[in-house]
Amino acid sequence: MPTKRYRLGVVMDPIAGIHYEKDSTLAMLLAAQARGFEVSYLEQSDLSLRDGRAFGRARPLVVAANPASWFTLGEPSVEPLGGLDCILMRKDPPFDTEYVYTTYILERAEGEGALVVNRPQGLRDMNEKVYTAWFAQCCAPTLVTRDKAGMHEFLREHGTIVCKPLHGMGGRSIFVVERSDKNANVIFETLTEEGRRFAIVQRYIADIAETGDSRVLLIDGEPVPYALARIPAADDNRGNLAAGARGVGRPLNERDRWLAGEIGPALAARGMLFVGLDVIGGYVTEINVTSPTGIRELDKQHHLDIGGSLIAAIERRLQARPAARARR
């Protein structure tokens, strides 16, 4: 149990609409409550700025491991967000302008002493596809461009490629293109909106058909010992659970641990406490920092408590900064 009763706020999508069996945020909240945290619930519409200070219309939240009734909300009250010890930012993408505005509000709360997980500046800076460029040694050949001719050249070089929009999620608008594909032009034109938007293209990694797209979870820079391999359906190329892939836990291999060692400490140093690496054939394809998932599947298959490990890491961060709290 924690040495003091910490106050934790969570900013998330409507809790009544979550998928009980799969929701990673619920796993975090159950773990926080079990460790004695006092939990408050907020949605984006509950946040505001007044004269430079961050406020929220927060409701006391009690969660339960009960698929028929997993939450109870109390009466709302408006309070300074800086009065919370920790805020979990778990609003799912899309990463749109409203999401950016939310990070500004949370950054003001951070300035008043709240620990925001993940850090708002990192959420803005680390596009989940583009940020792989900071760790090129971990990635397959990758091109980010608006230029259709550049995409064609990349396709000629590699034979088969994967094309994605930079703002996509859940496997949406992902195309596998072969050198002979007569649809290449229209795919490139569609993804870039005729050269008005950047898109990302990567060398196709054939391993996905057999070993899947693995999610390696990092907690404060350290990997969870099992990855969630998402095996595409037989009639699909996408290793996304939302697109029908099957999630199978597997122990981390040596390459996974090397990738985690290259990326994890750097992100932890920038305040990114919970991160998901998407790994195909030993290459990182995305670095997920907004609201990584996979907790419930791995907990169930391997008797883990990933949410508990994250809350313990948050406690350690809070305990290491008493001076910051005393100055509030």
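It should be emphasised that the depicted structure is a prediction, and the values quoted were computed from it without experimental measurement. (Residues numbered from 1 in each chain as written. Predicted model: local features only at pLDDT ≥ 70, side-chain atom pairs only at ≥ 80, totals over all residues. Heavy atoms only, no water.)

Q: I'd love a proper account of the overall build of the protein chain, names of residues and values included.
A: Along its length, the protein chain carries ten helices and 18 strands. With the C-alpha coordinates of the protein chain rotated into their principal frame, the extents come out at 60 × 45 × 35 Å. A total of 328 residues make up the protein chain; the buried ones form 50% of that total. For the protein chain, the share of sequence-separated contacts (at least 6 apart) that also reach a separation of at least 24 residues comes to 68%. Looking at the protein chain as shown, the accessible area adds up to about 15,000 Å², and 50% of this sits on carbon and sulfur atoms. Charge separation in the protein chain, taken as the distance between the mean sites of 41 positive and 42 negative side-chain charges, equals 3 Å. (Helix = DSSP H or I, 4+ residues; strand = E, 2+ residues; numbered from the N terminus. Buried < 20%, exposed > 50% of the residue type's maximum accessible area, 1.4 Å probe, protein only. Contact = heavy atoms within 4.5 Å. Areas by Shrake-Rupley, 256 points an atom, 1.4 Å probe, with all protein chains shown as cover. Lys, Arg positive; Asp, Glu negative; His and termini not counted. Charge placed at Lys NZ, Arg CZ, Asp CG, Glu CD.)

Q: Could you give an account of helix H4 (residues 148-158), naming the residues involved and the relevant values?
A: Those residues of H4 lying buried are Gly150, Met151, Phe154 and Leu155. The buried residues of H4 occupy an angular sector of 140° when projected down its axis, which confines them to one face. Relative to its buried face, H4 has exposed residues pointing more than 90 degrees away, namely Glu153, Arg156 and Glu157. If you follow the buried residues of H4, they end up packed against strand S9 (142-145), strand S10 (160-165), strand S11 (175-178), helix H5 (184-192) and strand S12 (199-203). Phi for glycine 159, located one or two positions after H4, is positive at around 85°. (Arc of directions from axis to C-beta.)

Q: Would you mind going over the packing of aromatic side chains in detail, with residue names and values included?
A: Using the criterion set out here, one finds six aromatic pairs in the structure. Judged by centre distance (5.8 Å) and plane angle (35°), the rings of tyrosine 20 and tryptophan 70 are tilted. Remark: tryptophan 70 occurs in the loop between strand S4 (53-63) and strand S5 (71-73) and tyrosine 20 occurs in the loop between strand S1 (7-12) and helix H1 (24-34); sequence separation between them is 50 residues. Each member of the pair, tyrosine 20 together with tryptophan 70, is buried. (Phe/Tyr/Trp six-rings, centres within 6.5 Å; stacked < 30°, edge-to-face > 60°.)

Q: Run through the pattern of salt bridges, naming residues and quoting values.
A: For the structure on display, the rule yields 21 salt bridges. With its nearest N and O atoms 3.5 Å apart, the salt bridge here joins arginine 7 to glutamate 38. Taken together, the residues arginine 7 in strand S1 and glutamate 38 in strand S2 (residues 38-42) connect sequence positions 31 residues apart. The class of glutamate 38 is partly exposed, set by a relative accessible area of 32%. (Salt bridge = Lys/Arg side-chain N within 4 Å of Asp/Glu carboxyl O.)

Q: Account for the pairing of S1, with residues named and values stated.
A: Of all the six residues making up S1, five are buried; the element is thus mostly covered by neighbouring parts of the structure. With respect to chirality, the unit in which S1 leads through H1 into the neighbouring parallel S2 is right-handed. By the bridge criterion, five bridges tie S1 to strand S7 (residues 86-90) in an arrangement that is parallel. Bridge pairing in S7 places glycine 9 opposite isoleucine 87. (Right-handed = clockwise from strand over helix to strand, strands pointing away. Pairing = 2+ DSSP bridges.)

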